[in-house]
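# Summary of the model geometry
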Amino acid sequence: MRFVQMAVVVDQHHGIKPLTRSQRCRLQSYTHLDYSIFPHSFINTCGVANIHKSFSTPCLSQTTALEDDFDSNPRIEIVGGCRVPRVHALVVEVAIAMASGADLLPVPSGLGGAYFLCSRNGDNIAVAKPIDEEPLAFNNPKGFGGRMLGQPGVKRSVRIGESGIRELAAYLLDHGGFASVPPTALVKISHVAFRVNNNAAKISATPYKIASLQRFVDHDFDAGELGFSGFSIASVHHIGIFDVRVLNLDRHAGNMLVKKYKQNKYAVGAAELVPIDHGLCLPEWLDDPYFEWLHWPQASIPFSESEIEYISNLNPSKDAELLRTQIPSLREAAIRVLVLCTIFLKRATAAGLCLADIGEMMTRQFCAGEERLSTLENLCLQVKATMSGTDDKNRETIGEGEIFQLQNDIKESFDENFDLPQLLQIYPGMSRFSSVGSITELTDAYIYPPFKESNHGNDDSDSKNMKGNSGYVDGSTSGSHKVGGLTERVSFSVNNFNCETGAISFGDMSKDEWDLFLDNFEKLLPDILLKGTNYLSLKKRLRTSCKY
Ligand SMILES: Nc1ncnc2c1ncn2[C@@H]1O[C@H](COP(=O)(O)OP(=O)(O)OP(=O)(O)O)[C@@H](O)[C@H]1O
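Just so we're clear, the structure is a prediction, and the values are computed from it rather than from any experiment.

About the thresholds
Residue indices begin from 1 for each chain and proceed along its sequence in written order. A pLDDT threshold of at least 70 governs which residues receive local features in this predicted model, and a stricter bar of 80 or more applies before side-chain atom pairs are shown or counted, although totals over entire chains, interfaces and linings include all residues. Only DSSP runs of H or I covering at least 4 residues are called helices, and only runs of E covering at least 2 are called strands; the numbering of each starts at the N terminus. Residue burial is a threshold on neighbouring C-beta atoms within 10 Å of the residue's own C-beta, all placed from the backbone, with 20 or more meaning buried, 12 or fewer meaning exposed, and counts in between meaning partly exposed. We call two residues in contact when the distance between their C-beta atoms, placed using the backbone, is within 7 Å. What fixes the domain bounds is an automatic or database domain assignment. Note on residue classes: Ala, Val, Leu, Ile, Met, Phe, Trp, Tyr, Cys and Pro are nonpolar, Asp, Glu, Lys and Arg are charged, and everything else, Gly too, is polar. Any two strands are treated as partners once DSSP identifies two or more bridges connecting them. In this text, near has one meaning. A residue is near a molecule or strand if its C-beta atom, placed using the backbone, is within 6 Å of it. Angular values range over 0 to 180 degrees, each being the angle between N-to-C directions of two axes fitted as lines to C-alpha atoms, with helices fitted over their stretch in contact.

Our focus in this paragraph is the overall build of the protein. When helices and strands are tallied, the protein shows 16 helices and 13 strands. Looking at the protein as a whole, 45% of its 548 residues qualify as buried. The long-range share in the protein, meaning contacts at least 24 apart out of those at least 6 apart in sequence, stands at 74%.

So this is what it looks like as structure tokens:
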């Protein structure tokens with residue numbers, strides 16, 4: 001790999017300023033740049049006029065020895081998002097800023113390691129989030145570290161070290177900037193300021209990391225610091241539509257930035273929201289999403305015509321293909337969640353449901369201290385049951401509360417080597433499952449089923465590159481945590497649904513099974529949506545009548 005030592009040239013002769021708007025626009029026309037090999041002529045003109053285009057080096061370094069990846073100069077190389085002009089412009093700007101000696105400032109908020117990249121005059125340009133500093137990852141700087149990449153993360157359906165690719169996926173999926181996801185890239189980046197855990201292998205120079213890189217959004221608040229009544233309906237709808245598509249598990253108020261607006265008495269509802277932090281979207285199975293907007297009044301207002309049109313134009317197959325080609329390391333299980341949720345959004349919108357209705361049908365409910373599966377999850381179980389041709393009467397039945405308690409117990413026992421035989425004694429209902437050959441199978445069935453899936457039809461090269469970087473644990477081989485080895489799933493019925501506990505995943509289906517699943521899903525959907533509409537409107541009426 002060749003890297004131009006930009007800092008020297010830039011500092012001695014010119015001094016770099018952030019790119020102007022017109023410079024950025026011109027940069028966007030260069031679609032084949034490799035930012036690691038800018039010629040000096042590029043630097044001479046602050047990045048625009050004499051740029052040599054079309055360097056055809058691959059996006060990823062071919063370097064295999066870790067030592068080769070380190071030197072004392074800050075540098076950046078684009079890994080994912082290569083073909084998106086606005087991403088190019090962002091990376092160029094950051095490269096120039098780094099070359100001119102710009103600072104990298106740790107962000108105090110959030111659970112993961114994040115850094116503001118600033119220009120020399122102190123303006124923030126971008127936010128970098130290294131994947132090895134994610135919550136639970138071994139280089140996490142905020143005290144939530146220690147695990148290897150590839151293990152279950154804070155949300156178990158998203159593995160540690162795989163948030164960065166989801167940040168990029170979110171940007172790629174936000175067609176036309178509908179939800180205003182800021183331009184985001186996946187980069188290899190080195191800087192002395194990056195956190196390296198004392199225990200990690202030290203190589204005498206600058207840490208070189210894979211990170212998501214997102215354009216900094218100038219803002220005055222996050223949504224949690226303001227009342228929701230100030231947000232525009234369109235803004236809430238657009239973010240909500242996006243969150244539903246990607247099954248966002250982490251849309252809390254702090255992940256929506258707000259630009260201060262001039263308030264006068266006529267300007268209520270004028271503030272626009274900018275969504276950030278998409279590391280926990282596209283889970284590997286149907287997990288429980290978190291939608292902060294779910295109970296905001298804007299979410300109960302019907303979609304506008306343009307929103308309905310946008311939704312009807314969404315093409316889940318194309319989106320899936322986009323992700324497969326642009327982010328080969330994103331697992332098929334996650335892509336299938338996107339496809340399913342997009343279909344659900346499209347059909348629900350066509351049936352006249354509003355954002356709040358749709359979000360509610362995707363979210364699990366807590367009732368009398370028990371977590372209940374969402375309507376969407378129940379529907380998927382129903383579809384799975386029809387496909388497997390299982391007859392509920394032949395199934396053992398245990399109570400719903402018992403199931404979730406059991407799941408929690410097993411999850412909690414994950415690190416403490418809890419005594420599973422003892423667990424089975426506490427839950428005698430479990431011993432009736434003749435299909436369970438061993439305790440390992442039982443554990444796997446409850447905790448890891450989706451981690452066993454293979455990347456159907458996917459080229460694994462990109463993920464290998466990520467693994468090569470630093471101690472990546474592959475789901476199929478992560479010794480002590482017994483991923484894989486599951487030969488048969490544990491099934492039983494809950495409220496007449498055939499239920500595979502732990503997770504509803506689509507990753508282990510063959511292509512034909514998945515197509516059949518989607519066919520059946522679409523057949524059963526109208527009925528569920530009709531019931532949902534009736535139920536939700538009754539619930540709304542009750543809520544309204546309670547006020548008086
Ligand atoms: N694109 C952006 N523009 C401006 N500020 C940002 C941007 N992205 C992140 N930030 C700031 O950095 C902080 C941490 O970022 P982020 O929420 O993405 O990290 P995290 O570790 O995943 O957080 P969390 O623990 O909330 O999931 C945010 O609270 C916000 O203040």
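Once the structure has been displayed, the description carries forward.
What the domain assignment lists for the protein is domain 1 (6–216), domain 2 (222–349 + 520–547) and domain 3 (367–513). Across the contact, 20 residues belong to domain 1 and 26 residues belong to domain 2. Across the side of domain 1 that touches domain 2, the residue classes tally to 11 nonpolar, five polar and four charged.

Another aspect to go through is the sheet that holds strand S8 (residues 256–258). Taken in spatial order, the three strands make up an open sheet running S7-S8-S9, and their pairing is antiparallel. Since the sheet does not close on itself, it has two edges, and those belong to strand S7 (221–222) and strand S9 (273–275), each with one partner. The sheet contact formed by S7 and S8 spans two bridges and is antiparallel. Bridge pairing in S8 links aspartate 222 to leucine 257.

Moving on: the site of the ligand. Taken together, 18 residues sit near the ligand, with Gly110, Leu111, Gly112, Val217 and Asp277 positioned nearest. Here the shell around the ligand is built from residues that sort into nine nonpolar, seven polar and two charged. Each of domain 1 (6–216) and domain 2 (222–349 + 520–547) gives at least three residues to the shell around the ligand.

Let us look at the environment of proline 108. Secondary-structure assignment places proline 108 in the loop between strand S2 (104–106) and strand S3 (115–118). For proline 108 and proline 141, which are 33 residues apart along the polypeptide, the C-alpha to C-alpha distance reads 9.9 Å.

On the basis of which strands lie adjacent, the open sheet formed by six strands has the order S1-S5-S6-S4-S3-S2 and antiparallel pairing. At either end of the open sheet lies a strand with only one pairing partner, and these are strand S1 (75–80) and S2. For this sheet the average axis-to-axis angle between neighbouring strands, irrespective of direction, equals 35°. Here S3 pairs with strand S4 (residues 124–130) via four bridges, running antiparallel. Directly across from cysteine 118, in S4, lies its bridge partner asparagine 124.

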